[in-house]
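A closer look at the structure
Listed below, chain by chain, are the residues.
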Amino acid sequence: MGELFEDGGCISSNNPLLHPFELPIAFNWPSLKIAKHASFNITQGRPICPSFMYYLDPNEDPSEKFYLLVNGSLYREDNSLTDPEDYCFDVDENANTILPAVCFPQTDDDYTNSVEEEIYRLYPYGMLISIPFLLLTLLVYISLKQLRNLHGCCLMSQVSSLLIGYTCLVILQIASETIGNTSCRVIGEFFIILIITVNIALIVFTHLVINLF
């Protein structure tokens, strides 16, 4: 294939083991007899693993002896099976051979963390849905004079703060993957100061409205 995995990605390599790239001998399951005819669809790239990867090296650990099955899975001497999407063949430059690099098994903590990350990604979109309704509520209370009483002014102050806060959080969380940590921290602190300033201004505005109306 002409590429090996290094520094978190696939890079071109002139390693003679890759030119040409040859898969290990395939075996039938469950007899573990050599398959006379086997064909595979090879996908180039790194598997999506919940954590890190490691090489199966039978020379260091006999239990890591592996057999490439005709369905693309790996069978190991410890009676475990590894699905095709959970490993890839890569050049182990230390051993100067091609070995399967497999994903570490996913633990309960990994699953919990992945679920929490997905929920965290959904937060800004939930707030994004709320922003138009907050804005609509604020416009209604500003437009109707009979709603600009003490309760209405307090509600306008609260809705305005939520509107500014949600907008800032949406921008920060969506853009956090494209901006650096320093920029994110500076923008976050600026928004905090802005929210505090606006909140104080809204309190003053509320008192003025109460006195005028």
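Residues numbered from 1 in each chain as written. Predicted model: local features only at pLDDT ≥ 70, side-chain atom pairs only at ≥ 80, totals over all residues. Heavy atoms only, no water.

An unreviewed UniProt entry lists the chain under the name G-protein coupled receptor Mth2, with Rhynocoris fuscipes given as the organism. For the record of the chain, the UniProt heading Subcellular location (unreviewed entry) holds the text "Membrane". The UniProt entry for the chain carries the following text under Sequence similarities (unreviewed entry): "Belongs to the G-protein coupled receptor 2 family. Mth subfamily." (UniProt positions renumbered as here; feature names shortened; annotations may be inferred.)

Further remarks concern the packing of aromatic side chains. Aromatic rings considered in pairs are described by the distance between their centres and by the relative angle of their planes. Applying the stated criterion across every chain yields a total of five aromatic pairs. Between Trp29 and Tyr75, the aromatic rings sit 5.0 Å apart at their centres with planes inclined by 50°, giving tilted as the arrangement. Of this pair, Trp29 sits in the loop between strand S3 (26-27) and strand S4 (53-55) while Tyr75 sits in strand S6 (residues 74-76); the two residues are 46 residues apart in sequence, bridging distant segments of the chain. Aromatic side chains Tyr67 and Tyr75 sit 6.1 Å apart centroid to centroid with 35° between the ring planes, which places their arrangement in the tilted category. Assigned by exposure class, Tyr67 and Tyr75 land together as buried. Taken together, Phe27, Trp29, Tyr67 and Tyr75 form an aromatic cluster joined through their ring pairs. (Phe/Tyr/Trp six-rings, centres within 6.5 Å; stacked < 30°, edge-to-face > 60°. Helix = DSSP H or I, 4+ residues; strand = E, 2+ residues; numbered from the N terminus. Buried < 20%, exposed > 50% of the residue type's maximum accessible area, 1.4 Å probe, protein only.)

What follows is about the side chain of Thr82. Within the secondary structure, Thr82 is located in strand S7 (residues 81-82). Dropping the residues within four chain positions of it, Thr82 is found in contact with Ser73, Leu74, Arg76, Tyr87 and Val102. (Contact = heavy atoms within 4.5 Å.)

Here we take up the sheet that holds strand S8 (residues 87-92). As summarised here, the arrangement of the three strands in space is S4-S9-S8, forming an open sheet in which the pairing is antiparallel. Two strands in the sheet have a free side with no partner beyond their single neighbour: S4 and S8. Adjacent strand axes in the sheet meet at a mean angle of 35° when their direction is disregarded. Summarising the sheet, S4 and strand S9 (residues 97-103) pair through three bridges and their orientation is antiparallel. Bridge pairing links Tyr55 to Ala101 in S9. (Pairing = 2+ DSSP bridges. Axes fitted to C-alpha atoms, helices over the stretch in contact; angles between N-to-C directions.)

It is worth spelling out the side chain of Ser73 at this point. With respect to the helices and strands, the residue Ser73 is situated in the loop between strand S5 (66-69) and S6. Once residues lying within four places of it in the same chain are set aside, the contact partners of Ser73 are Tyr67, Leu68, Thr82, Asp83, Pro84 and Tyr87.

With that settled, consider the nonpolar core. By size, the foremost hydrophobic cluster in this structure holds 12 residues: Leu18, Phe21, Leu56, Phe66, Leu68, Leu74, Tyr87, Phe89, Val91, Ile98, Leu99 and Val102. Of all elements in the fold, only S5, S8 and S9 reach the threshold of two or more residues within this core. Listed in part, the 10 residues of the second largest apolar core include Tyr141, Met156, Val159 and Val170. (Core = buried A, V, L, I, M, F, W, Y, C linked by side-chain atoms within 4.5 Å.)

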